[in-house]
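Chain residues, written in single-letter form:
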Amino acid sequence: SYPYLTKDGKELLIEISEKFSKKISGTRLRGSRFKVTSITRTTEKLKGLKGINSNASLNSHHQYGNTFDISYKRFSTRKLFLTNCDHKYLMEALAEVIWQLRKEKKCWATFERQQNCFHVVAR
C-alpha cells in the first residue's frame, strides 16, 4: 500500500492514536503504539492481493485514501517482551477506541480475523 490518506482519513487516524495513547497512559504499557499495516492500494495491488487474501476486493475502500488497517497483534512498546495478557490488553484498548468512534459515526470498522487487523473507513 501507499502512505496516502485524505484529510478525513488522516484526522481519524490521528484521533485513534491520541485516544489510544490516553487510554493506556496510566498503565505500564504507556507509550505503546499500534502498527498501521495498510493504507491506500492501487487497482494493480488489489488484483495481486485477490489471489492471496480472501477479503480482498477489486472495489476496495483502500483505493480512495480514506481507509486503513490497524494490526491488533503488532504493537511497538518500550517493553522487550509482551505477555499474552499485554497483547490482549492493548488489543482491547484499541478496539474500545475504534468502537467508540464508530458509535459516534466517525468511522465504519470491521474486525478481520484472518488478517489480524481492524479495517477502518473514515466517514
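What you are looking at is a predicted structure, and each value in this text was computed from that prediction instead of being measured. (Residues numbered from 1 in each chain as written. Predicted model: local features only at pLDDT ≥ 70, side-chain atom pairs only at ≥ 80, totals over all residues. Heavy atoms only, no water.)

Moving on, we get to the overall build of the chain. Helix and strand content of the chain: 3 helices and 4 strands. A buried classification covers 37% of the 123 residues belonging to the chain. Roughly 7800 Å² of accessible area belongs to the chain as shown, and the carbon and sulfur atoms make up 52% of that amount. (Helix = DSSP H or I, 4+ residues; strand = E, 2+ residues; numbered from the N terminus. Buried < 20%, exposed > 50% of the residue type's maximum accessible area, 1.4 Å probe, protein only. Areas by Shrake-Rupley, 256 points an atom, 1.4 Å probe, with all protein chains shown as cover.)

This paragraph deals with unusual backbone geometry. Notably, lysine 105 is not glycine yet its phi reads approximately 60 degrees, a positive angle. The residue lysine 105 is located in the loop between helix 3 (84–103) and strand 3 (107–112) in this model. Of note, asparagine 116 is a non-glycine position whose phi angle comes to about 55 degrees, a positive value. Relative to the helices and strands, asparagine 116 resides in the loop between strand 3 and strand 4 (117–122).

Our focus in this paragraph is the nonpolar core. Counting 25 residues, the largest nonpolar core has Ile16, Phe20, Phe68, Leu94 and Val120 as the members making the most contacts within it. Going through the elements one at a time, helix 1 (7–24), strand 2 (67–76), helix 3, strand 3 and strand 4 are the ones with two or more residues in this core. No other element matches the 6 residues that helix 3 contributes to this core. (Core = buried A, V, L, I, M, F, W, Y, C linked by side-chain atoms within 4.5 Å.)

A few words on the packing of helix 1 against helix 3. Taken N-terminus to C-terminus, the directions of helix 1 and helix 3 make an angle of 130 degrees; their axes are 9 Å apart at the nearest point. Judged on the interaxial angle alone, helix 3 and helix 1 are oblique. With respect to the hand of their crossing, helix 1 and helix 3 are arranged in right-handed fashion. For the pair helix 1 and helix 3, contact is made by Leu12, Glu15, Ile16, Lys19, Phe20, Lys23 and Ile24 and by Tyr89, Leu90, Ala93, Leu94, Glu96, Val97, Ile98 and Leu101, respectively. In terms of residue class, the contact of helix 1 with helix 3 is built from 11 nonpolar, no polar and 4 charged. (Axes fitted to C-alpha atoms, helices over the stretch in contact; angles between N-to-C directions. Parallel < 35°, antiparallel > 145°, perpendicular 65-115°, else oblique. Left-handed = near helix turned anticlockwise from the far one by under 90°. Contact = heavy atoms within 4.5 Å. Nonpolar A, V, L, I, M, F, W, Y, C, P; charged D, E, K, R; others polar.)

On the basis of which strands lie adjacent, the open sheet formed by 4 strands has the order 1-2-4-3 and antiparallel pairing. What marks the edges here is a single partner per strand, and that holds for strand 1 (33–38) and strand 3. Going from strand to strand, the sheet's axes swing by 30 degrees on average, the running direction of each strand aside. Pairing analysis gives 5 bridges linking strand 2 to strand 4, with the strands arranged antiparallel. Bridge pairing links isoleucine 70 to phenylalanine 118 in strand 4. (Pairing = 2+ DSSP bridges.)

Let's shift gears to the packing of aromatic side chains. The full count for this structure, using the stated rule, is 5 aromatic pairs. Between phenylalanine 20 and phenylalanine 34 the ring centres are 5.6 Å apart and the planes differ by 70 degrees, which places this aromatic pair in the edge-to-face class. In this pair, phenylalanine 20 sits in helix 1 while phenylalanine 34 sits in strand 1, placing the two residues 14 residues apart along the sequence. With relative accessibility at 13%, the residue phenylalanine 34 sits in the buried group. Their ring planes at 20 degrees and their centres at 6.1 Å tell us that phenylalanine 20 and phenylalanine 75 sit as a pair that is stacked. Here the residue phenylalanine 20 occupies a position in helix 1, and phenylalanine 75 occupies one in strand 2, the gap between them amounting to 55 residues. (Phe/Tyr/Trp six-rings, centres within 6.5 Å; stacked < 30°, edge-to-face > 60°.)

This part covers the side chain of aspartate 69. As for its position among the elements, aspartate 69 is in strand 2. Given the relative accessible area of 5%, aspartate 69 is considered buried. Engagement of the side chain of aspartate 69 in a polar contact is seen with the side chain of histidine 119, the distance being 2.9 Å. (Polar contact = N/O pair within 3.5 Å; in protein donor to acceptor, adjacent residues only side chain to side chain.)

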